[in-house]
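So the chains spell out like this:
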Amino acid sequence: MHAQKRMLSLPSRNNMPIARRHLGTTKAQDVTIEAKNKETAQDAVNRRSFLKELLRPAATLAVVGGAGALALRAKPEDYVWQIDPEKCTQCGRCATSCVLSPSAVKCVHAYALCWYCDLCGGYHQSYTQAPDTAAEHQLCPTAAINRTFMENPFYKYDIDEDKCIGCGLCVKGCAAFGNGSLFMQVRHDRCVNCNDCAIARDCPSDAFVRVPVSQPYIIKEHGKEA
Amino acid sequence: MRRTLIILLLLCATANLVHAQDAPSFRVLRPIFDETFHEPPAPGTPGPRENWLEYIDIAALALALVIATYFALQSRSRRGLLLLSMACLLYFGFWRKGCICPVGSVQNMWDAFLHPDVALPAIVIAFFSLPLIFTLFAGRTFCAAVCPLGAIQELTLFRPVQLPTWISHSLGLFRYVYLGLALTLVATGATYLVCSLDPFIAIFRFGGTFPMLVFGATVLAIGMFIGRPYCRFLCPYGAILGLLSMLSRWHVTITPDDCVNCRLCEDACPYGAIRPANDTLPTESLPRSRTRLAGLLALLPALVLSGAILGAMLAQPLSYSHKKIKLLHLLQQEGLEAINDATIETEAWRRGDQTYEELVEETNEIRRSFRSGSIFFCSFVGFVFGAKLISLSILRRRKDYTPDPATCMSCGRCYKACPIENERLKEKNLRP
């Protein structure tokens, strides 16, 4: 509506060549300029469209060919991020660098390796004198490890992944004092598989690797020898 | 540190005593439970997203591109484009969490091109090449409605303010600089810069690190007034799309018929992408424009050369973006012996089994790649500046008000501003 009004109110101005509006040239000059411009403009348009017609197939070929060449090398399978537990130094950045909050990295327990200790290096503070479930004796800042009695003197430790923040304190404790049956893993039900993993970028020990989707975990099979 | 170690050792000893009660030697043994108790449970391994779902993503991208092209070129429907961009924002942004996106895939492609051992999934190739092919034939319809990064800015643009042409031209050059820098950092193995500086990933995932959230909020806040700041001034993929769009077979046209030069579309475009008609402006004298063009053509190699010199000087500071170089620097400050307040990097390195000589060898290799990368990058920047000057100095004749294919994002705002288009729609509606 508004547009039409504006157009209708300025009929003469719209029909007037822009050059005369700006420069006040005479009508005769206008005619010659216009004719000349039209000619050169037509030439330029022809030249440009010819160039375009030539370059477009070339560019299409380049894109398709380049993508095709890389596709020959491509793996049909996708890749996901995972932590190599042998390289991990439990620096604690998994808890802070992940784009998710809490982090997609959790502590995982390889029960097959666990010694079921009464006094657990991953569960208890290093200075504790009483190996019990008292909060002040626990290493985990969120009490994400559940300790259950099995038979004397053995205890089972389970990770509550909803509470775990991936700080790696227990992993560090277990590595220093136990045999390393606790270790860090990216949990793929939480990980959004960023193109550039924010933790991998910050990882000081290059422990983050890309693994194929079909084998998304690196589960520890050998603990530290006692 | 030493005290903790002693305590740990003591604890170790006591623990061993506790466990070794029945054991003949001083060793810790795994318990042997009786059979009612206990097969040790296996650690849970929840799987990632199914692989075949990726082909749905690829199909969704292709479908969205087809629909966007139809809305932009055929039905000329701004509303359709808006609805599609909302759908794509929900699917590619909030549902798929913004990864993988074509913008970031540039780095994967470059990485795989330079380093053959880099894994390149099929979805990355598809996400990289599909929008490029569509752009070669229909202009930047990917930017119009499919890209989630564009869509979120498109939907939050409340009060468009037009930037002066010279500002948007000069800021637009930054896309090429950013592209060059990102590719250099990929080539040297430092980082995926575009992904680490993605403004909206934190918004798509409802959370992220503080700098990411601040950056995203800033871009959105600016984007409420200045149309699509990320797309126009930063997006490296947009730089490639812009170049290819100049070759496009078809492109969005503002008016369905003859242009009456009413200028209304120019005001409607928040991206400064509409170039006015100028075929009645007098040309400057031919010798003068020839001299200028010759001067600029001579300036181009000079700019490239000075870029190369600047690149050689920039290699050293640029190399600090690589974590191995940073590590070596930290180690040289701390010394090789373990110290109490060591940084996380140096502590992790000391626990690894790489020798100092090996590290130095590795960093030398990285420094060399940074040197050549930086020279290439800065000469590329020089070339971009020179080429921009040349393209600005060539006068293009236009009979109508036309969208600049390189910067037009096919958003369709100009359709409704065109009185001829309104006339056409009216006629269409009146037809029985």
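Residues numbered from 1 in each chain as written. Chains lettered and ligands numbered in written order. Predicted model: local features only at pLDDT ≥ 70, side-chain atom pairs only at ≥ 80, totals over all residues. Heavy atoms only, no water.

### Some points on the overall build of chain A
Scanning chain A for helices and strands turns up seven helices and six strands. Put simply, chain A runs from its N terminus to its C terminus through helices and strands in the order α-α-α-α-β-α-β-β-β-α-β-α-β. Counting every position in chain A, which comprises 226 residues, the buried fraction comes to 48%. For chain A, restricting intrachain contacts to residue pairs at least 6 apart in sequence, the fraction spanning at least 24 positions comes to 69%. Taken as a whole, chain A presents about 11,600 Å² of accessible surface, with 58% of it coming from carbon and sulfur. (Helix = DSSP H or I, 4+ residues; strand = E, 2+ residues; numbered from the N terminus. Buried < 20%, exposed > 50% of the residue type's maximum accessible area, 1.4 Å probe, protein only. Contact = heavy atoms within 4.5 Å. Areas by Shrake-Rupley, 256 points an atom, 1.4 Å probe, with all protein chains shown as cover.)

### A few points about the overall build of chain B
Of regular secondary structure, chain B possesses 21 helices and two strands. Taken over 432 residues, chain B has a buried fraction of 48%. Counting only contacts in chain B whose residues sit at least 6 apart along the sequence, the fraction spanning at least 24 positions is 80%. Accessible area of chain B: about 21,700 Å², with a carbon and sulfur share of 66%.

### Re unusual backbone geometry
A cis geometry characterises the amide bond from serine 101 of chain A onward to proline 102 of chain A, with omega recorded as 0°. Tracing the sequence through the fold places proline 102 of chain A in the loop between helix 5 (93-97) and strand 2 (105-109). Across the junction of cysteine 99 of chain B and isoleucine 100 of chain B, the peptide omega takes the value 0°, indicating a cis bond. Within the secondary structure, isoleucine 100 of chain B sits in the loop between helix 3 (78-95) and helix 4 (102-114). Positive phi values are uncommon outside glycine, yet arginine 228 of chain B reaches one of about 45°.

### Quick notes on a nonpolar patch on the surface
Residues and elements named next belong to chain B. A cluster of nonpolar side chains, namely Leu305, Ile309, Leu310, Met313 and Leu314, defines an oily patch on the protein surface of about 500 Å² accessible area. Looking at the secondary structure, you find leucine 310 in helix 16 (residues 286-319). Classification of leucine 310 by relative accessible area gives partly exposed; the value is 43%. (Patch = residues over 30% accessible without salt bridge, like charges linked within 9 Å, V, L, I, M, F, W, Y side chains within 5 Å. Salt bridge = Lys/Arg side-chain N within 4 Å of Asp/Glu carboxyl O.)

### Here's the deal with the packing of helix 9 (residues 174-187) of chain B against helix 14 (residues 236-245) of chain B
Residues and elements named next belong to chain B. Relative orientation of the contacting elements helix 9 and helix 14 amounts to 115°, with a least axis distance of 8 Å. Taken as a pair, helix 9 and helix 14 cross one another with a handedness that is left-handed. Across the interface between the two elements, Arg175, Tyr176, Tyr178 and Leu179 from helix 9 touch Pro236, Gly238, Ala239, Ile240 and Leu243 from helix 14. Taken together, the residues of the contact of helix 9 with helix 14 break down into seven nonpolar, one polar and one charged. (Axes fitted to C-alpha atoms, helices over the stretch in contact; angles between N-to-C directions. Left-handed = near helix turned anticlockwise from the far one by under 90°. Nonpolar A, V, L, I, M, F, W, Y, C, P; charged D, E, K, R; others polar.)

### Points about helix 12 (residues 210-223) of chain B
Residues and elements named next belong to chain B. Taking 1.5 Å of rise per residue, the 14 residues of helix 12 would be expected to cover 20 Å, and the 20 Å separating its terminal C-alpha atoms lies within 8% of that figure. Among all positions of helix 12, only Met212, Gly216, Val219, Leu220 and Gly223 are buried. Viewed end-on, helix 12 has its buried residues packed into an arc of 95°, placing them on one side of the element. Facing away from the buried side of helix 12 by over 90 degrees, the exposed positions are Phe210 and Pro211. Contacts made by the buried residues of helix 12 are with helix 7 (148-155), helix 11 (201-204) and helix 13 (229-233). (Expected span 1.5 Å × (residues − 1). Arc of directions from axis to C-beta.)

### Some details on the confidence of the model for chain A
Chain-level pLDDT for chain A is 80 on average; 79% of the residues reach the 70-or-more range. A low-confidence stretch, residues 1-22 of chain A stays under pLDDT 50, and its non-local contacts, those more than four residues away or across chains, total 33 contacts. (pLDDT = per-residue confidence, 0-100.)

### Quick look at the packing of aromatic side chains
Residues and elements named next belong to chain B. With the rule as written, the count across this model stands at eleven aromatic pairs over all chains. Each ring, one from tyrosine 70 and one from phenylalanine 71, has its centre 5.8 Å from the other, and the planes form 50°; the classification is tilted. Grouped by ring-pair contacts, the aromatic residues Tyr91, Phe92 and Phe127 constitute a single cluster. (Phe/Tyr/Trp six-rings, centres within 6.5 Å; stacked < 30°, edge-to-face > 60°.)

### Examining the pattern of salt bridges
Using the criterion set out here, one finds 20 salt bridges over all chains in the structure. Taking the shortest distance from any N to any O, the salt bridge between arginine 187 of chain A and glutamate 161 of chain A comes out at 2.8 Å. Highlighted residues: arginine 187 of chain A in the loop between strand 5 (182-186) and helix 7 (198-202) and glutamate 161 of chain A in the loop between strand 4 (154-159) and helix 6 (169-177), separated in sequence by 26 residues. A relative accessible area of 17% places glutamate 161 of chain A in the buried class. Between aspartate 206 of chain A and lysine 323 of chain B there is a salt bridge, with the nearest N and O atoms lying 3.3 Å from each other.

### What about the nonpolar core?
Membership of the largest hydrophobic core comes to 81 residues, with the highest contact counts inside it found for Val103, Leu120, Phe142, Val146, Tyr230 and Tyr237 of chain B. The dominant element in this core, judged by the number of residues it contributes, is helix 5 (residues 122-138) of chain B, at eight residues. Of all hydrophobic cores here, the second largest spans 38 residues; its members include Cys98, Cys120, Ile199 and Phe208 of chain A. (Core = buried A, V, L, I, M, F, W, Y, C linked by side-chain atoms within 4.5 Å.)

### Considerations on the pairing of strand 1 (residues 79-83) of chain A
Residue and element names in this part refer to chain A. Most of strand 1 is tucked away, with five of its five residues classed as buried. By the alternation rule, side chains of strand 1 split into Tyr79, Trp81 and Ile83 and Val80 and Gln82, which are all buried. Summarising the sheet, strand 1 and strand 6 (residues 208-212) pair through five bridges and their orientation is antiparallel. Opposite tryptophan 81, over in strand 6, you have arginine 210 as the bridge partner. (Pairing = 2+ DSSP bridges.)

### With respect to the environment of glutamate 423 of chain B
All names here are of chain B. With respect to the helices and strands, glutamate 423 occurs in helix 21 (residues 419-430). Residue glutamate 423 is classed as partly exposed on the basis of its relative accessible area of 37%. On a C-alpha basis, the gap between glutamate 423 and proline 256 in space is 9.9 Å, while along the polypeptide they are 167 residues apart.

### Quick word on the side chain of asparagine 278 of chain B
Residue and element names in this part refer to chain B. Summarising the element assignment, asparagine 278 is placed in the loop between strand 1 (274-275) and helix 16. Within the structure, asparagine 278 has its side chain in polar contact with the backbone nitrogen of arginine 398 (distance 2.7 Å). The contacts of asparagine 278, once residues within four sequence positions are left out, are Leu395, Arg396, Arg397 and Arg398. (Polar contact = N/O pair within 3.5 Å; in protein donor to acceptor, adjacent residues only side chain to side chain.)

### A look at the side chain of glutamate 154 of chain B
All names here are of chain B. If you trace the backbone, glutamate 154 turns up in helix 7. In this structure the side chain of glutamate 154 is engaged in a polar contact, spanning 2.6 Å, whose partner is the side chain of arginine 228. Excluding residues that lie within four positions of it along the chain, glutamate 154 makes contacts with Arg78, Arg228, Tyr271, Cys411 and Arg413.

### Examining the packing of helix 4 of chain B against helix 5 of chain B
Residue and element names in this part refer to chain B. Where helix 4 meets helix 5, the closest approach of the two axes is 9 Å, and the angle between their N-to-C directions is 115°. At the point where helix 4 passes helix 5, the crossing takes the left-handed sense. Where helix 4 approaches helix 5, its residues Pro102, Ser105, Val106, Asn108 and Met109 are matched on the opposing element by Val124, Ile125, Phe127, Phe128 and Pro131. Split into classes, the residues belonging to the contact of helix 4 with helix 5 amount to eight nonpolar, two polar and no charged.

### Thoughts on the state of the cysteines
Residues and elements named next belong to chain A. On inspection of all chains with the given rule, the structure shows zero disulfides over all chains. Distance from the sulfur of cysteine 91, which forms no disulfide, to the nearest cysteine sulfur (cysteine 203) is 6.0 Å. With a relative accessible area of 29%, cysteine 91 lands in the partly exposed category. A disulfide-free cysteine, cysteine 120 has its sulfur positioned 6.0 Å from the sulfur of cysteine 117, the nearest such atom. For cysteine 120, a relative accessible area of 12% gives the class buried. (Disulfide = S-S within 2.5 Å.)

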